[in-house]
There are 2 protein chains.
Amino acid sequence: MTDRKEFRDLAEPERAHEAIASLDLSPEPESVALTEARGRVLAERFDAERDVPGFDRASMDGFAVKARDTFGADEADPTVLDLVGEVHAGTEPDVEVGEGEAVEISTGAVMPPGADAVVMVERTDYVDRDDGTGVEIRTAVAPGDHTMLAGADIAAGQRALGPGTRLTAREIGLLSALGVDEVPVRGTPRVGIISTGDELVRPGNPLSDEAGQIYDVNSYTIAAAVEEAGGDPVLYPHAGDDYEEMERLLLEASEECDLVLSSGSTSASAVDVIYRVIESRGELLLHGVAVKPGKPMLIGRFPDSAYVGLPGYPVSALTIFRAFVAPAIREAAGLPAPATATVDARMATEERYGEGRMRLMPTGLVEDEHGRTLAYPVDKGSGATTSLVEADGVVTVHPDTAYLAEGEEVSVRLFSPDVRPPSVLGVGEDDPALSRLLDSLDSPRYLPFGSREGLRRLRNGVPDFAVATGEAEPRSDERASGDAASDAESRSPSTGTELASYVREWGLIVPPDNPDDIEGLADLVDRDLRFINRGTNSGLRTTLGNAVADLAEERETTRHELVESITGFELTVKAHESPARKVAAGTADAGLGLRSTADELDLGFVPLGEERVRILVNPNREEKAGVEELAAALDSTLVGVLEGLSGVRP
Amino acid sequence: MTDRKEFRDLAEPERAHEAIASLDLSPEPESVALTEARGRVLAERFDAERDVPGFDRASMDGFAVKARDTFGADEADPTVLDLVGEVHAGTEPDVEVGEGEAVEISTGAVMPPGADAVVMVERTDYVDRDDGTGVEIRTAVAPGDHTMLAGADIAAGQRALGPGTRLTAREIGLLSALGVDEVPVRGTPRVGIISTGDELVRPGNPLSDEAGQIYDVNSYTIAAAVEEAGGDPVLYPHAGDDYEEMERLLLEASEECDLVLSSGSTSASAVDVIYRVIESRGELLLHGVAVKPGKPMLIGRFPDSAYVGLPGYPVSALTIFRAFVAPAIREAAGLPAPATATVDARMATEERYGEGRMRLMPTGLVEDEHGRTLAYPVDKGSGATTSLVEADGVVTVHPDTAYLAEGEEVSVRLFSPDVRPPSVLGVGEDDPALSRLLDSLDSPRYLPFGSREGLRRLRNGVPDFAVATGEAEPRSDERASGDAASDAESRSPSTGTELASYVREWGLIVPPDNPDDIEGLADLVDRDLRFINRGTNSGLRTTLGNAVADLAEERETTRHELVESITGFELTVKAHESPARKVAAGTADAGLGLRSTADELDLGFVPLGEERVRILVNPNREEKAGVEELAAALDSTLVGVLEGLSGVRP
């Protein structure tokens, strides 16, 4: 029963929904103070037990009168009534209004006996008379004018709020009007979270010096997602794949919680252990669901709680949680799905599928020039954490769907109800000046995938802007017709409209004080030095390639021959700082990088040249608000940003 | 400076927005634990300080190999490699992969030196050989397959999250991957709330036996709205209109908070006191804004905090808060406006305006048969608390707008981001059986405005259903052609489709054991008894009117004559239980009502007849989900509801 092959017999997603729906996650109702009731859900119906207001009252400052005494009064022909007293809010009237009499009254005060209307103060004046004070009334009022009858707002016995009502500011207002200070509400499901995996370390603690440990991501992502779904997350210690420990933790959590989630382990052995614990101490309802990602999902129950096992990769775990578990938690809490939980979008690009399994495709969102939402697939492999912040949600692709066309309508289930498309989306070269510039924008998204990828995506029309490097100064016409493809692309008018550009100094980053006395590219070719390059999408690498080609021309040899002589030319790393950090760590003698990076990390620098960084805008999006904000930021802060960094100039 | 006339010089709404924007509400940034960071806003940009993952790792369970050793391997022609060890997640490898060798590896484990790819376990098998264990590889892999390089997720030095990023589950995942457990976030603005008015009592405390006191509504409504806007509300004690006390409270709040709100007082005198305190201890920027409601708004500052005075009526206070103050709190907290803060709708009816002042019109929402949102004005006078729950938000009507046409598009600013249109909207007779029925529906809204108003609105096409009373059994044709207008209406097929009906017993509710020995209507006419009627919109009152007409016919006199002889016939109260409650309180000898109400309140009952309650559906909305839910509830629970009440039958 517990061997891995079981997982090949996958349940349809619909069965997983049914299995989770069959679990009981609902906690007991509870009573909370009115001040803590916002966002909660009424457990029972609420009828008014008193009239609101409890008495007939004035709804204006003015004078309480018998309406018939004012008949015919107007500005030209006012009536004068005897002023016989006053009533303030909060006190019982000690005076009665007789014929020809008026009582001064403030808003909210009890209507004195005998009065049936209020004349607002603006239409009156005091008059001194021999026989006492009078009040001049310059308008006629009808019975009931500027008064509010007892129970007019809500009357005793009336249905005030139904069971299941979510309490927002307005319902809290009604409850307070009724004098309610304790509110019976649906309980909040307690959700225990157990991350499994010997390699996990809690954030805030140091990782071991030996390789192999990573920080726990799922405990925190899932805890936040549980809160978003209306549950109360409880973090338990990590469990390895020891049976006794796992059993103890799972049972402890199941006694304390309405639902236990395990997540974090991607290894079959830990899943096997959980599997065995549930089989012996609870009931396993389902294992393995025909959905990508999320195949290794488990659904079961312990005597005191429900259980769901989530896949280990963060994006997969959050995706499966949102698709299968969050609805059950909301249901148990009595909460509706948030209105912003899904958005309609159109595919920005086409997408093809091979597999006959339901697919939950991580999807990024971008708004087009008309404010319409476009969706594009984000796929870094589900092991990546950052695709969490590069993607906004998930599109469910049916097993029979082999193809999503560009422009096709899709529904995107957002990772959180508060997720929204970025104000502006850029793709391209990883650059420190650009990175600082982005700080002044409101919710930008920038994917530092390199100049080449930036230009490719800009041509496909997905991002708002691309950032690409090229020659610092325009080449002569002769060189411009050369074969440096990505450089030619960056200057092709069809690719984008140049919004701004600046120049950055590049070269070799070396240890402090350049202990190997590296003077230039030739040293990498001629000497036995460990070099670290950037990836092929990086514009900086293209610039280095051009420099190698120039050196080859000079030496009358081939570029290929020189490249073969550089130890590590093919050893690429992801981020612009990564080669420098390898140099700082002593695992390389030189790395490709920028002067600003060398200065930032207190390393040595051997300058090799300058290149121009260009910010190119999607021509259709020039009037999009986020692009205009980017343009304004470039106008106002680019000079300041460049002054704060070394080796850059306009 | 402090006389009331100042308020006649009203500022344009735009100036009020500017004055509030000029106040500084922003608290200092703070540091919170990762587990408390959800919903908060990053105070500064976050660059990765480490590679994630920190090492090259396997992304599948399987065998780490040199890719070139697998070239050519397939199901038909597998390759066998020597198994030289294993690596588990969380441990540093103690083995190297040489040519022709493989190491067993679990997902997430460090790639052993020498290996450059992983073969997934499904494409392998163990083989026992004389020279030790081997592994059969049935597929070729390329370098990098099923591995994730160090920093592939996010690399040290890369920009991870920008300042101003709102932290949802996904950003919390990224922060935990980076090992961050304390997050620098924007502070939460503290907002002090002072309700003014001597008449106010805190919910949970008894009201005085003397008339005049009411429960404080604004403190709680505004506190909830402050939370919704991202602020931290602090409730201060009530203030009367004593200068010293008001000064002490305002200064205390201003020292402890970023913003002080006063609300609750509608009387000019308390506003005058606040006015004087601000003038002497702070600075008054603006008083009185040309917007309805909300004219008496004050904007100012104390040395340590900002100040805004809200109008006193709950709907006005919440409306002004949402329009003017909430945006400033969100801005100070760094939060965007919620995506659900406004909805687009079409006017369900036309609406005319007289005044040349900007108007914030309380608006209810209902969905039509196509799921489109319709808006209708809700106007009970801003003193009403229940219009808070009858309205969903506010439409801003420009001073120049004299007319909103039916079907015209409007933008509705919701009272809370969580507000949504009711699943079904009904208007009509107030009835206990119906009220119980509604409990089984998901978020219904029912406005108990009486049969007549229900039918009128149903004809206007706004609600989904109306509830109206009429004769218990169809009258003879002769009677049906009579002049009982509202009864004829209820049977007009054009008004609505009858979904269900039931019969309720009505009569006179009298004190227990009927001390006055009332036997019927004739006693009210002939004796000096204090009677309480229902309002003219009530179907029950129409039924009573018909019975009086019958009695008049019998006595060969006019209906008018009999009505004149009933003390209190014109004394109407709002809710169906109100007459009974007056009887119970001893302020009336008999009240119009239902047998079920008399039984519920342990009162006596003198039966006068039966009437039929009809549930009539808007013919266009029969297929709306909420209406179908209502129909299903009527089918399944009506009988049970009727069995639980006295004096009703199908």
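Remember, it's a predicted structure, so these values are computed and weren't measured experimentally.

J.: Just to check I follow, could you spell out unusual backbone geometry for this structure?
T.: Excluding glycine, residues mostly have negative phi values, and the peptide bonds linking residues are mostly trans. With an omega of -10 degrees, the peptide bond between valine 52 of chain A and proline 53 of chain A qualifies as cis. Among the secondary structure elements, proline 53 of chain A is positioned in the loop between β2 (46-47) and β3 (57-58). Positive phi outside glycine occurs at aspartate 517 of chain B, with the angle close to 50 degrees. Relative to the helices and strands, aspartate 517 of chain B resides in the loop between β32 (497-510) and α12 (521-526).

J.: Explain the sheet that holds strand β20 (residues 298-301) of chain A to me, please; I cannot follow it from the model alone.
T.: For sheets, the rule is that strands pair by backbone hydrogen bonds, running either parallel or antiparallel. Residue and element names in this part refer to chain A. Reading across from one edge, β16-β13-β17-β21-β20-β18 is the order of the 6 strands in this open sheet, with mixed pairing throughout. At either margin of the open sheet sits one strand with a lone partner, and together these are β16 (232-235) and β18 (283-287). In this sheet, neighbouring strand axes are inclined to one another by 20 degrees on average, regardless of whether the strands run parallel or antiparallel. Each of β13 (190-195), β17 (259-263) and β21 (306-309) touches helix α4 (residues 243-256); the most contacted strand, β13, lies at about 165 degrees to it.

J.: What is the right way to read the pairing of strand β17 (residues 259-263) of chain B from this model?
T.: Along any regular strand, the residues point their side chains to alternate faces of the sheet. Residue and element names in this part refer to chain B. In terms of burial, β17 is largely enclosed, as 5 of its 5 residues are buried. Burial along β17 is two-sided: Leu259, Leu261 and Ser263 facing one way and Val260 and Ser262 facing the other are all buried. Relative to β17, strand β13 (residues 190-195) runs parallel, the two being bridged by 5 bridges. Looking at the pairing, glycine 192 lines up with valine 260 of β17. Of the strand pairs in this sheet, β17 and strand β21 (residues 306-309) are connected by 4 bridges, and their pairing is parallel. Looking at the pairing, leucine 259 lines up with alanine 306 of β21.

J.: Just to check I follow, could you spell out the domain arrangement of chain A for this structure?
T.: Residues and elements named next belong to chain A. Assigned domains of chain A: these are domain 1 (4-26 + 191-333), domain 2 (30-52 + 152-185), domain 3 (57-148), domain 4 (342-421) and domain 5 (426-649). Each of domain 4 and domain 5 has a C-alpha centre, and the two are 30 Å apart. Contacts between the two partners involve 15 residues from domain 4 and, on the opposite side, 10 residues from domain 5. Counting the surface lost from both domain 4 and domain 5, the interface buries some 1000 Å², and carbon and sulfur atoms represent 50% of this.

J.: Can you walk me through the packing of helix α3 (residues 218-228) of chain B against helix α6 (residues 314-333) of chain B in this structure?
T.: Helix-helix packing is described using two parameters, namely the angle between the two axes and the distance between the axes. Residue and element names in this part refer to chain B. In contact at an axis separation of 10 Å, α3 and α6 are set at 30 degrees when each is read in the N-to-C sense. One way to sum up the angle between α3 and α6 is to call them roughly parallel. You can see that α3 and α6 cross each other, and the crossing is right-handed. Across the interface between the two elements, Asn218, Thr221, Ile222, Ala225 and Val226 of α3 pack against Pro314, Ala317, Leu318, Phe321 and Ile329 of α6. For the contact of α3 with α6, a count of residues per class yields 8 nonpolar, 2 polar and no charged.

J.: Looking at this model, I keep getting lost on the sheet that holds strand β8 (residues 124-129) of chain B. Mind explaining?
T.: Residues and elements named next belong to chain B. Strand order in the open sheet formed by 6 strands is β7-β4-β6-β5-β9-β8, and the pairing between neighbours is mixed. Every interior strand has two partners, whereas the edge strands, β7 (117-120) and β8, have only one. Taken pair by pair, the neighbouring strands of this sheet meet at an average axis angle of 40 degrees, ignoring direction. Where strand β4 (residues 62-65) lies against strand β6 (residues 101-105), 4 bridges are found, and the strand directions are antiparallel. Across the sheet, the residue bridging to phenylalanine 63 is glutamate 104, located in β6.

J.: When you look at the relation of the copies chain A and chain B in this model, what are you seeing that I'm missing?
T.: Here the two chain copies are tied together by a rotation about an axis and a shift along that axis. The two copies are related by a screw motion: chain A maps onto chain B through a turn of 180 degrees and a shift of 0.0 Å along the axis, at an RMSD of 0.2 Å. On this basis, the relationship between the two copies can be described by a two-fold rotation axis. Identified as the residue of chain A closest to the rotation axis by C-alpha distance is threonine 340 of chain A, at 3.6 Å. Interface overlap between copies: 100% of the residues of chain A at the interface are likewise at the interface in chain B, consistent with a symmetric, same-surface contact.

J.: I tried to follow the interface of chain A and chain B on my own but got confused; where do I start?
T.: In many reports, interface size means the accessible area that the parts give up when they come together. Each side of the interface is counted separately: chain A has 108 residues, and chain B has 108 residues. The junction of chain A with chain B conceals about 8400 Å² of combined surface from both sides, 54% of it contributed by carbon and sulfur atoms. Summed over the three residues of chain A that lose the most area to chain B, namely Arg38, Arg170 and Arg420 of chain A, the buried surface amounts to 9% of that side. Where chain A touches chain B, the interface holds 10 salt bridges. Where aspartate 439 of chain B meets arginine 159 of chain A, a salt bridge forms, and the shortest distance between an N and an O atom there is 2.5 Å.

J.: What is the right way to look at the environment of phenylalanine 63 of chain B in this model?
T.: Of note, phenylalanine 63 of chain B is situated in strand β4. In sequence terms phenylalanine 63 of chain B and valine 119 of chain B are 56 residues apart; their C-alpha atoms lie 5.2 Å from each other.

J.: Can you help me understand the packing of aromatic side chains in this one?
T.: In this description, a pair of aromatic rings is defined by centroid distance and the angle of the planes. Residues and elements named next belong to chain B. Using the criterion set out here, one finds 6 aromatic pairs over all chains in the structure. Measuring from centroid to centroid gives 6.0 Å for phenylalanine 63 and tyrosine 126, while their planes differ by 85 degrees, and the two rings are edge-to-face. Of this pair, phenylalanine 63 sits in strand β4 while tyrosine 126 sits in strand β8; the two residues are 63 residues apart in sequence, bridging distant segments of the chain. On the basis of relative accessible area, phenylalanine 63 is assigned to the buried category, the value being 2%. Classification of tyrosine 126 by relative accessible area gives partly exposed; the value is 49%. Ring geometry for tyrosine 446 versus phenylalanine 465: centroids 5.9 Å apart, planes at 20 degrees, classification stacked. Highlighted residues: tyrosine 446 in strand β30 (residues 444-447) and phenylalanine 465 in strand β31 (residues 465-471), separated in sequence by 19 residues. Neither tyrosine 446 nor phenylalanine 465 differs from the other in exposure class; each is buried.

J.: Explanation requested: helix α17 (residues 625-643) of chain B in the structure shown.
T.: Residue and element names in this part refer to chain B. Compared with the 27 Å implied by 1.5 Å per residue over 19 residues, the 27 Å span of α17 between its first and last C-alpha is a close match. Along α17, the sharpest change in direction is near 55 degrees and occurs at threonine 637. Taken residue by residue, α17 has Gly626, Val627, Leu630, Ala633, Leu634, Leu638, Val641 and Leu642 as its buried positions. At its buried positions, α17 is contacted by β29 (424-428), α8 (432-438), β31, β32, β36 (604-617) and β37 (648-649).

J.: I keep staring at a negative patch on the surface and nothing clicks. Help me out?
T.: Residues Asp198, Asp241, Asp242 and Glu244 of chain A make up a contiguous surface patch of negative charge. Mapped onto the fold, aspartate 241 of chain A is located in the loop between β16 and α4.

J.: How do you make sense of the confidence of the model for chain A when you look at a structure like this?
T.: In low-pLDDT segments, the atomic positions of the prediction should not be examined closely. Residues and elements named next belong to chain A. Here chain A averages 88 in pLDDT, and 94% of its residues register 70 or above. Residue range residues 1-7 is modelled with pLDDT below 50. Its contacts to residues more than four positions away, or to other chains, number 18 contacts. Considering only residues more than four positions removed or in separate chains, one finds that residues 475-493, a stretch of pLDDT under 50, has 20 contacts. For this predicted complex, the interface confidence score (ipTM) comes to 0.87, while the overall pTM stands at 0.86.

Thresholds applied
- Sequence order as written defines residue numbering, which begins from 1 separately in each chain.
- Note on labels: chains are lettered from A, ligands numbered from 1, in written order.
- Only residues with pLDDT of 70 or above have their local features reported here, since the model is predicted, and side-chain atom pairs are shown and tallied only from 80 upward, although totals for entire chains, interfaces and linings are computed over all residues.
- Note: side-chain values were computed over all heavy atoms of the structure, leaving out hydrogens and water.
- Helix and strand definitions here come from DSSP, where helices need a minimum of 4 consecutive H or I residues and strands a minimum of 2 consecutive E residues; each element is numbered from the N-terminal end.
- At least two DSSP bridges between two strands are required for those strands to pair.
- Helix axes use the C-alpha atoms of the stretch in contact, all axes being lines fitted to C-alpha atoms, and the angles between their N-to-C directions lie in the range 0 to 180 degrees.
- It only takes one pair of heavy atoms within 4.5 Å for two residues to be counted as in contact.
- We call a residue buried when its accessible area falls under 20% of the maximum for its residue type, exposed when it is over 50%, and partly exposed in between, using a 1.4 Å probe and counting protein chains only.
- Start and end positions for the domains come from either an automated domain assignment or a database one.
- Here the quantity called buried area is the total loss of accessible area, with a 1.4 Å probe, experienced by two parts when brought into contact, counted for both.
- Under this scheme an angle from 65 to 115 degrees is roughly perpendicular, one under 35 degrees roughly parallel, and one over 145 degrees roughly antiparallel; angles in between are oblique.
- Helix crossings fall into two classes, left-handed where the near helix is turned counterclockwise from the far one by less than a right angle and right-handed where it is turned clockwise.
- Asp, Glu, Lys and Arg are counted as charged, while Ala, Val, Leu, Ile, Met, Phe, Trp, Tyr, Cys and Pro are counted as nonpolar; the rest, among them Gly, fall into the polar class.
- To line up the copies, we fit them by least squares on C-alpha atoms, keeping just the residues with pLDDT of at least 70 in both.
- Salt bridges, as used here, are contacts in which a Lys or Arg side-chain nitrogen is within 4 Å of a carboxyl oxygen on Asp or Glu.
- To pair, rings of Phe, Tyr and Trp, with the six-membered ring standing in for Trp, must have centres within 6.5 Å; the planes then decide the type, stacked if under 30 degrees apart, edge-to-face if over 60, and tilted in the middle.
- Helix span is expected to be 1.5 Å times the residue number reduced by one.
- Two axes enter the bend calculation: one fitted to the seven residues ending at the residue in question, the other to the seven starting there, and the bend is the angle between them.
- Each patch is built from residues lacking any salt bridge and having more than 30% relative accessible area; the joining distance is 9 Å for like charges and 5 Å for nonpolar side chains (Val, Leu, Ile, Met, Phe, Trp, Tyr).
- Here the accessible surface of atoms and residues is derived via Shrake-Rupley with a 1.4 Å probe, and residues count as covered only by protein chains that are part of the display.
- Positive charges are assigned to Lys and Arg, negative charges to Asp and Glu, while His and the chain termini are left out of the count.
- By convention, the charge on Lys lies at NZ, on Arg at CZ, on Asp at CG and on Glu at CD.
- Per-residue confidence from the predictor is given as pLDDT, running between 0 and 100.

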